[in-house]
Amino acid sequence: GYYLPDSYEYAKEAYNLIDHGVLYCGELDDSINFDFFTKRAPLYPALLAFCVQLFGSELAVIGFQIVLSLLNIFLVIQLLKLLGISYRYRLTFFFLLLYPAQFMFVNWIMTEILFQSCLLLMLTSVIYWQKTENQNWLWINLLALALAIFTKPIIYLYNFPSAAVLLN
């Protein structure tokens, strides 16, 4: 019940990492398809492999995702307070976060909650950088961007606006 079609490839890549030390999302017994070396980004399979090695079950990553999802919701509420958004809008936004997809994705072997966390960390670091002008927040932003790229590579396009801000 916690697998979608893509989940099998993430799990296969995690088990190939554990058993053979290779990030490959296909069957190693079949003929090698070189596309399977790059089809899935490495961060989520590495997290899955870590949870399986540490706790002996894929369900541990589901527990991790549930905690991460709740932390994301808490962080969004704190950011809204920090930005001075009124209670009524915070309450409305909180109910938007209760949208079923937020709680469906945590129960599947998928990258969405980890990616959401990376994006939220990027947003948080930019807001804190603007409020404090502490350069460490920019480093946190770049780290979160790197983690996001290793979760879902399409975010690499964000490098261009990010570089523009940093160079400004």
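See the structure shown above.
Procedures and definitions
- Residues numbered from 1 in each chain as written.
- Predicted model: local features only at pLDDT ≥ 70, side-chain atom pairs only at ≥ 80, totals over all residues.
- Heavy atoms only, no water.
- Helix = DSSP H or I, 4+ residues; strand = E, 2+ residues; numbered from the N terminus.
- Contact = heavy atoms within 4.5 Å.
- Areas by Shrake-Rupley, 256 points an atom, 1.4 Å probe, with all protein chains shown as cover.
- Lys, Arg positive; Asp, Glu negative; His and termini not counted.
- Charge placed at Lys NZ, Arg CZ, Asp CG, Glu CD.
- Patch = residues over 30% accessible without salt bridge, like charges linked within 9 Å, V, L, I, M, F, W, Y side chains within 5 Å.
- Salt bridge = Lys/Arg side-chain N within 4 Å of Asp/Glu carboxyl O.

What to know about the overall build of the protein chain
A tally of helices and strands in the protein chain yields eight helices and zero strands. Tracing the protein chain from N to C terminus, the helices and strands come up as α-α-α-α-α-α-α-α. Based on the C-alpha atoms only, the size of the protein chain along its principal axes is roughly 55 × 40 × 25 Å. For the protein chain, long-range pairs separated by at least 24 residues make up 61% of all intrachain contacts whose partners lie at least 6 apart in sequence. Surface exposure of the protein chain reaches about 10100 Å², of which carbon and sulfur atoms provide 68%. Between the mean site of the 8 positive side-chain charges and the mean site of the 11 negative ones, the protein chain shows a separation of 21 Å.

Description of a nonpolar patch on the surface
Together, I66, L70, Y87, L91, F95, L98 and F103 give the surface a local cluster of nonpolar side chains, amounting to about 660 Å² of exposed area. Every element with two or more residues in the nonpolar patch is listed here: α3 (59–82) and α4 (87–97). Looking at where L70 falls in the secondary structure, it is placed in helix α3.

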